[in-house]
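An overview of the molecular structure
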Amino acid sequence: MPVQKIPASTAEELTRPVWLRAVITVVFAVVAIFWQEETVTLLKISIAGFFVLGATAVWDYAKVEAVPISLRGPLAMGAAAWVLSGVAVIFVDTATAAAVIAAIGFAAMGVAELIGGLRARNDFVPARDQIILGAVGVLTGLALGVGLHLDPHGILGLAGMGVVIMAVVLLISGAGLLHDAKRGRASTR
């Protein structure tokens, strides 16, 4: 089976949103895993920041002309779910409520990315990354749903585990896109 390459122009357009989402994801993962004094306030602010900023990166990705409609629609819906979850989590008072909202946000984006990735995987090579990200998002949402009884440290730990996997996938994807974009620039010289 031959390796399918991403067209250089598409890679060029997708590089920025993928790297932006990767950086946002890495920052959240570092906070979730290494911050020692977790409080409900930190939990709420970090989840809100991750969801809202991550949604902007997903939206930037979905707006790229090369992204097929079959992927663009679900990504837009997932980004909307993240924005709503990010805003909603600010208004809760308990770690359990924050975990419920985070679980809904991760699961909603996960389902959106799974659906979009499965629909577009044959026509759009980068959609395969959405399948992995979607599966991890759904599993992170399920883990948060199971861990509703945990304190802020535990909730951030569960979210952090999923987000670390997402960060690795996004960093690898971003590096591949950057390579393909440079390959395209080199061939036009």
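Quick look at the structure, then.

Attention now moves to a nonpolar patch on the surface. A surface patch of nonpolar side chains, amounting to about 540 Å² of accessible area, comprises Val30, Ile33, Phe34, Val164, Val168 and Ile172. The set of elements that each furnish at least two residues to the nonpolar patch consists of helix H1 (8-34) and helix H6 (152-187). Checked against the element boundaries, Ile33 lands in helix H1. Classification of Ile33 by relative accessible area gives partly exposed; the value is 36%.

Our next topic: helix H3 (residues 69-90). Here H3 contains 22 residues, and its C-alpha end-to-end distance of 32 Å stays within 8% of the 32 Å for a straight helix at 1.5 Å per residue. When we look at burial in H3, the residues that qualify are Leu71, Pro74, Leu75, Gly78, Ala79, Ala81, Trp82, Ser85, Gly86 and Val89. Projection of H3 onto a plane perpendicular to its axis shows the buried side chains occupying an angular sector of 160°, all on one side. Exposed side chains of H3 directed beyond 90 degrees from the buried face belong to Ile69, Met77 and Leu84. Looking at the buried residues of H3, the elements they touch are H1, helix H2 (40-62), helix H4 (95-120) and helix H5 (127-146).

The next thing to look at is the packing of aromatic side chains. Any aromatic ring pair is given by two values, namely how distant the centres are and how the planes are angled relative to each other. Within the structure shown, the criterion is met by 6 aromatic pairs. On the numbers, 5.8 Å between centres and 45° between planes, the contact of Phe50 with Phe51 is tilted. The exposure class assigned to Phe51 is buried, which follows from its relative accessible area of 0%. Put simply, the rings of Phe28, Phe50, Phe51, Trp82 and Phe106 touch in pairs and so form one group of aromatic residues.

Time to look at the pattern of salt bridges. For the coordinates displayed, the defined rule picks out 3 salt bridges. We note a salt bridge from Asp60 to Arg16, for which the minimum N-O separation is 3.3 Å. Note that Asp60 is positioned in helix H2 and Arg16 in helix H1, a separation of 44 residues in sequence. Judged by its relative accessible area of 21%, Asp60 is partly exposed. Asp60 serves as the salt-bridge partner of Lys63, at 3.6 Å between the closest nitrogen and oxygen.

As a further point, take the nonpolar core. A general tendency of soluble globular proteins is for nonpolar side chains to be buried together. In this structure, Phe28, Phe50, Tyr61, Leu71, Phe106, Phe124 and Leu144 are the most contacted members of the largest nonpolar core, which totals 52 residues. In terms of residue count, the dominant contributor to this core is H2 (11 residues). Setting aside chain neighbours within four positions, we find Phe50 in contact with Ile24, Thr25, Phe28, Ala55, Trp82, Phe106 and Val163.

Procedures and definitions
- Within every chain, residues take consecutive numbers counted from 1 along the sequence as written.
- pLDDT decides what is reported in this predicted model: residues at 70 or higher carry local features, side-chain atom pairs at 80 or more are listed and counted, and totals for whole chains, interfaces and linings draw on all residues regardless.
- Each side-chain value is worked out from all heavy atoms of the structure, with water and hydrogens disregarded.
- Each patch is built from residues lacking any salt bridge and having more than 30% relative accessible area; the joining distance is 9 Å for like charges and 5 Å for nonpolar side chains (Val, Leu, Ile, Met, Phe, Trp, Tyr).
- Here the open area of atoms and residues is found with the Shrake-Rupley method and a 1.4 Å probe, where only the protein chains shown may cover a residue.
- Salt bridges are defined by distance alone: a side-chain nitrogen of Lys or Arg within 4 Å of a carboxyl oxygen of Asp or Glu.
- Working definition: helices are DSSP H or I runs of at least four residues, strands are E runs of at least two. Numbering for both runs from the N terminus.
- Burial here depends on accessible area, computed with a 1.4 Å probe over protein chains only, as a share of the maximum for the residue type. Under 20% is buried, over 50% is exposed, and the range in between is partly exposed.
- To estimate how far a helix should reach, multiply one less than its number of residues by 1.5 Å.
- In this context, the arc is that of the directions from the helix axis out to the C-beta atoms.
- The criterion used for residue contact is that any of the two residues' heavy atoms lie within 4.5 Å.
- The pairing test for Phe, Tyr and Trp rings, Trp by its six-membered ring, is centres within 6.5 Å, and the orientation test on the planes gives stacked under 30 degrees, edge-to-face over 60, and tilted for anything in between.
- What we call a nonpolar core is a set of buried Ala, Val, Leu, Ile, Met, Phe, Trp, Tyr and Cys residues that are connected through their side-chain atoms within 4.5 Å.

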